[in-house]
Amino acid sequence: MRFGLQIPNFTAGETPGALFDGVVDMATAAEATGFDSVWVMDHFYQLPPMGGPSQPMLDSYTLLGALAARTSRVRLGTMVTGVTYRNPAHLAKIVTTLDVISSGRAILGVGAAWYDVEHEGLGFDFPPAGERLDRLEETLQICRAMFTEDAPSFDGRYYRIHEARNIPPPVQIGGPPILVGGGGEKRTLNLVARYADMCNLFGDAATIAHKVDVLRGHCKAVGRDPSAVTVSRLSTLVVTGSDEETTATKKFLRDVTGEEPAGSDVGTPEQLVARIEELAAAGVEYFVFNIPTGTPETVRQVGREVVGALSR
């Protein structure tokens, strides 16, 4: 069982460097308290639940490169790179560079993209879902080839490379692990089975168990051992101080969203440990939390009282 911290939002301070210093404080708090990885979103506009495009957002790979210089152990990745934002050969080069400067700590998280508002605002094409998934498949093939081969060529419908050089190569043998985000049962989980080292899912234990069963079916269909794919789950984590606060927080989330907060983990440290154990029984091996309302001290608390308790 491993744990990651996703940093989804940024708070601007009074000085130009204060925003980045805050990110570093969150990342180093995670590293110091047992988290295995630190993740950032690959978005150019902040998401609506956290204030939308008027709020600060940093470029993901520039930020990860800077965090590589300020950390020494945690793995670093995007949860997840939008396939529409970069040429895949360029993406492979970016992630390889991150792997080199971090001494082998990069993870390539990639998905079909969805945030149409930033596509429109910044001029990125936003094809239909089927085409985005086709582009994702070609991207996975190109990135894997550039991580592992000396001069690969590929001629697809949307992308091509010809004797593509990627020098220096990644530090990690076989290249950075590739994570595909999304739980689509027909296409996305099939792509995971065929090309990825990790997948990322959302939802409660019953939903996860079903998705894992579908993924195992795809793996068997393509002749792959399902245990070769690490199952991760991203969720929003809210630490409470009492059972009463847990109940009130869940009610607040239900009232705001109109649905059960299945994608959030809300509770005291003891309740969170029980929740994680339930999800682990459903098939989750890698837990990634974001804590939008938290501070570095919140991260340290989760590290001590949740990550630490489950790591013993």
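For the structure, check the block above.
A quick note: this is a predicted structure, and the numbers were derived from the prediction, not measured. (Residues numbered from 1 in each chain as written. Predicted model: local features only at pLDDT ≥ 70, side-chain atom pairs only at ≥ 80, totals over all residues. Heavy atoms only, no water.)

A. Structural context of a negative patch on the surface. A cluster of acidic residues, Asp 243, Glu 244, Glu 270 and Glu 305, forms a negative patch on the protein surface. Within the fold, Glu 270 resides in helix α9 (residues 269-282). (Patch = residues over 30% accessible without salt bridge, like charges linked within 9 Å, V, L, I, M, F, W, Y side chains within 5 Å. Areas by Shrake-Rupley, 256 points an atom, 1.4 Å probe, with all protein chains shown as cover. Salt bridge = Lys/Arg side-chain N within 4 Å of Asp/Glu carboxyl O. Lys, Arg positive; Asp, Glu negative; His and termini not counted. Charge placed at Lys NZ, Arg CZ, Asp CG, Glu CD. Helix = DSSP H or I, 4+ residues; strand = E, 2+ residues; numbered from the N terminus.)

B. Here's a closer look at helix α1 (residues 18-32). Look at α1: 21 Å from first C-alpha to last across 15 residues, which is about the 21 Å you get at 1.5 Å a residue. What α1 keeps buried is the set Leu 19, Val 23, Val 24, Met 26, Ala 27, Ala 29, Ala 30 and Glu 31. Count one or two residues on from α1 and you reach Gly 34, which has phi positive near 100°. (Expected span 1.5 Å × (residues − 1). Buried < 20%, exposed > 50% of the residue type's maximum accessible area, 1.4 Å probe, protein only.)

C. Representation of the nonpolar core. Grouped together as the largest cluster of nonpolar side chains are 80 residues, with contacts concentrated most on Phe 35 and Leu 108. Non-local contacts of Leu 108, meaning those with residues more than four positions away in its chain, are made with Tyr 61, Thr 81, Leu 91, Val 95, Cys 143, Phe 147, Pro 176, Pro 177, Ile 178 and Leu 179. Formed by eight residues, the second largest nonpolar core is a distinct cluster that contains Met 79, Met 198, Tyr 286 and Val 288. (Core = buried A, V, L, I, M, F, W, Y, C linked by side-chain atoms within 4.5 Å. Contact = heavy atoms within 4.5 Å.)

D. Summary view of a nonpolar patch on the surface. Together, Val 100, Ile 101 and Val 171 line one region of the surface with nonpolar side chains, adding up to about 220 Å² of accessible area. Mapped onto the elements of the fold, Ile 101 is located in helix α3 (residues 88-101).

E. Molecular detail of the pairing of strand β9 (residues 198-201). Here β9 shows a buried face lined by Met 198 and Asn 200 and a second buried face lined by Cys 199 and Leu 201. In terms of strand pairing, strand β8 (residues 178-181) meets β9 through three bridges, oriented parallel. Looking at the pairing, Gly 181 lines up with Asn 200 of β9. Following the chain from β8 across helix α6 (residues 188-195) to the adjacent parallel β9, one finds a crossover that is right-handed. Note: β9 against strand β10 (residues 230-239), four bridges, orientation parallel. Bridge pairing in β10 links Met 198 to Thr 230. (Pairing = 2+ DSSP bridges. Right-handed = clockwise from strand over helix to strand, strands pointing away.)

F. Just the environment of Val 212, in detail. With respect to the helices, strands and loops of the structure, Val 212 is situated in helix α7 (residues 205-221). On the accessibility criterion, Val 212 (4% relative accessible area) is buried. Separated by 155 residues in the primary sequence, Val 212 and Met 57 place their C-alpha atoms 33 Å from one another.

G. Structural context of α7. For α7, built from 17 residues, the straight-helix expectation of 24 Å at 1.5 Å per residue is met to within 8% by its first-to-last C-alpha distance of 24 Å. Note on α7: the residue one or two positions beyond its end, Gly 223, has a positive phi of about 75°.

H. Region of the structure containing the packing of aromatic side chains. Applying the stated criterion across every chain, the model contains seven aromatic pairs. Ring pairs connect the aromatic residues Phe 3, Phe 287 and Phe 289, which therefore count as one cluster. (Phe/Tyr/Trp six-rings, centres within 6.5 Å; stacked < 30°, edge-to-face > 60°.)

I. Summary view of the layout of surface pockets. Considering only enclosed or pocket space, the largest pocket measures out at about 1,300 Å³ in volume. Residue lining of the largest pocket: 43 residues in total, with Leu 47, Pro 49, Phe 202, Thr 236 and Asn 290 positioned closest to the centre. When contributions to the lining of the largest pocket are tallied by element, the ones reaching two or more residues are α5 (129-148), β10 and α8 (243-257). Counted by class, the lining of the largest pocket contains 23 nonpolar, 16 polar and four charged residues. One number sums up the size of the second largest pocket: a volume of about 210 Å³. Taken together, 16 residues form the lining of the second largest pocket, with Asn 9, Thr 11, Gly 22, Met 26 and Gly 294 sitting closest to its centre. (1 Å grid on protein atoms, 1.4 Å probe; cavity = no way out; pocket = protein on both sides within 12 Å on 5 of 7 lines; lining within 4 Å. Points joined across faces, edges and corners; volume = space filled by probe spheres on them. Nonpolar A, V, L, I, M, F, W, Y, C, P; charged D, E, K, R; others polar.)

Don't take any of this as a statement about function, it's just geometry.
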